[in-house]
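Structural overview for review
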Amino acid sequence: NAPRAEGSVERVKILVLNSGSSSLKYRLFDMSDRRVLAGGVAERVEDHGSALDQIAQALADSGATADLAGIGHRVVHGGEKFIGPTLIDDDVLGEIRSLSPLAPLHNPANLLGIEMALERYAEVPQVAVFEAVQDFLHGATDAGTGTNRLDPRISRPLSRLHQFHQVLFGQV
């Protein structure tokens, strides 16, 4: 990392993915000024891996994903376990998989998008943002939930995305 000039703002780029059963929506945000750098949707997706490859290539060709700080994934249902943005690891993947009966049309597709992104961006921290938690646990904090602590550079912007998930993901 090159030194920053005094008073300059560090650019924090967050890629948000919404992997649905037949679509893959994305937005790349510069969280330093909340600007959308890129976005789009792949419709009628039969191969999420291929769709993500095309999106990743387009973003890489434009230089937009240089210094990507994190990837946020919309997941419809986190059950009672997940109450906020959660750093994805093997245990979290297993839990999301086990919760698929709660959202059978959504969680499997969400999981597929996560797995494809983990393959392609293994070095980038990835976070699941659970939609259903807003319906059941509005205003709850992550104290005592067992969710992973995140680097503040990533958790603050993703918390903002979580708080405004309906608006942001509706636009993705």
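Up top is the structure.
1. Here we look at the overall build of the protein
Counting its regular elements, the protein contains 6 helices and 6 strands. Traced from its N-terminal end to its C-terminal end, the protein shows the element sequence β-β-β-α-β-β-α-α-β-α-α-α. Within the protein, the proportion of its 172 residues that are buried is 48%. Put simply, of all contacts in the protein between residues at least 6 apart along the chain, 67% involve residues at least 24 apart.

2. Considering unusual backbone geometry
You will see that R34, though not glycine, has its phi angle at about 55 degrees, which is positive. Residue placement: R34 occurs in the loop between β2 (24-30) and β3 (35-42).

3. What to know about the nonpolar core
One finds L15, L17, L28, L59, L68 and I71 to be the most contacted residues of the largest nonpolar core, which totals 19 residues. For this core, the elements supplying multiple residues, two or more each, are β1 (13-19), β2, α1 (48-62), β4 (68-75) and α3 (107-120). Among the elements that make up this core, the one with the highest residue count is α1 (5 residues). Not counting residues up to four positions away in its chain, the partners in contact with L28 are K13, I14, L15, R35, V36, L37, A38, L59, A64, T65 and L68. V92, L93, I96 and L111 belong to the second-largest nonpolar core, a separate cluster that totals 11 residues.

4. Examining the pairing of β4
The side chains of a regular strand alternate, first on one face of the sheet and then on the other. With 8 of its 8 residues buried, β4 lies for the most part within the structure. As judged from the 5 bridges shared by β1 and β4, these two strands associate in the parallel manner. Within β4, the residue paired with I14 across the bridge is G70. Of the pairings in the sheet, the one linking β4 to strand β6 (residues 126-130) comprises 5 bridges and is parallel in character. In the strand pairing of β6, R74 is matched with V129.

5. Structural notes on the packing of α1 against α3
Contact geometry for α1 and α3: axes closest at 10 Å, N-to-C directions at 50 degrees. Of the possible angle classes, the one that applies to α1 and α3 is oblique. The interaxial crossing formed by α1 with α3 has right-handed handedness. Contacts between α1 and α3 pair H48, G49, L52 and D53 from the former with L112, G113, M116, A117 and R120 from the latter. Tallied by class, residues from the contact of α1 with α3 come to 4 nonpolar, 3 polar and 2 charged.

6. Considerations on the environment of L15
Mapping L15 onto the fold places it in strand β1. Of the residues examined, L15 reaches a relative accessible area of 1% and is grouped as buried. As for L15 and Q126, which are separated by 111 residues in sequence, their C-alpha atoms are 9.3 Å apart. Discounting residues that sit within four places of it in the chain, L15 has contacts with Y26, R27, L28, L59, L68, G70, I71 and G72.

7. Comments concerning the packing of helix α2 (residues 90-98) against α3
In contact at an axis separation of 9 Å, α2 and α3 are set at 160 degrees when each is read in the N-to-C sense. The angle between α2 and α3 falls in the class roughly antiparallel. Here α2 runs over α3; the crossing is left-handed. Every residue of α3 that contacts α2 at L93, I96 and R97 is listed here: N107, L111, I114, E115 and L118. Grouping the amino acids of the contact of α2 with α3 by side-chain chemistry returns 5 nonpolar, 1 polar and 2 charged.

8. Here's the deal with α3
Given a rise of 1.5 Å per residue, 14 residues ought to cover 20 Å, and the 20 Å separating the end C-alpha atoms of α3 matches this to within 8%. Considering only its buried residues, α3 is in contact with β1, α1, β4, α2 and β6.

Conventions used here
Residues numbered from 1 in each chain as written. Predicted model: local features only at pLDDT ≥ 70, side-chain atom pairs only at ≥ 80, totals over all residues. Heavy atoms only, no water. Helix = DSSP H or I, 4+ residues; strand = E, 2+ residues; numbered from the N terminus. Buried < 20%, exposed > 50% of the residue type's maximum accessible area, 1.4 Å probe, protein only. Contact = heavy atoms within 4.5 Å. Core = buried A, V, L, I, M, F, W, Y, C linked by side-chain atoms within 4.5 Å. Pairing = 2+ DSSP bridges. Axes fitted to C-alpha atoms, helices over the stretch in contact; angles between N-to-C directions. Parallel < 35°, antiparallel > 145°, perpendicular 65-115°, else oblique. Left-handed = near helix turned anticlockwise from the far one by under 90°. Nonpolar A, V, L, I, M, F, W, Y, C, P; charged D, E, K, R; others polar. Expected span 1.5 Å × (residues − 1).

Distances and angles like these do not, on their own, reveal function.
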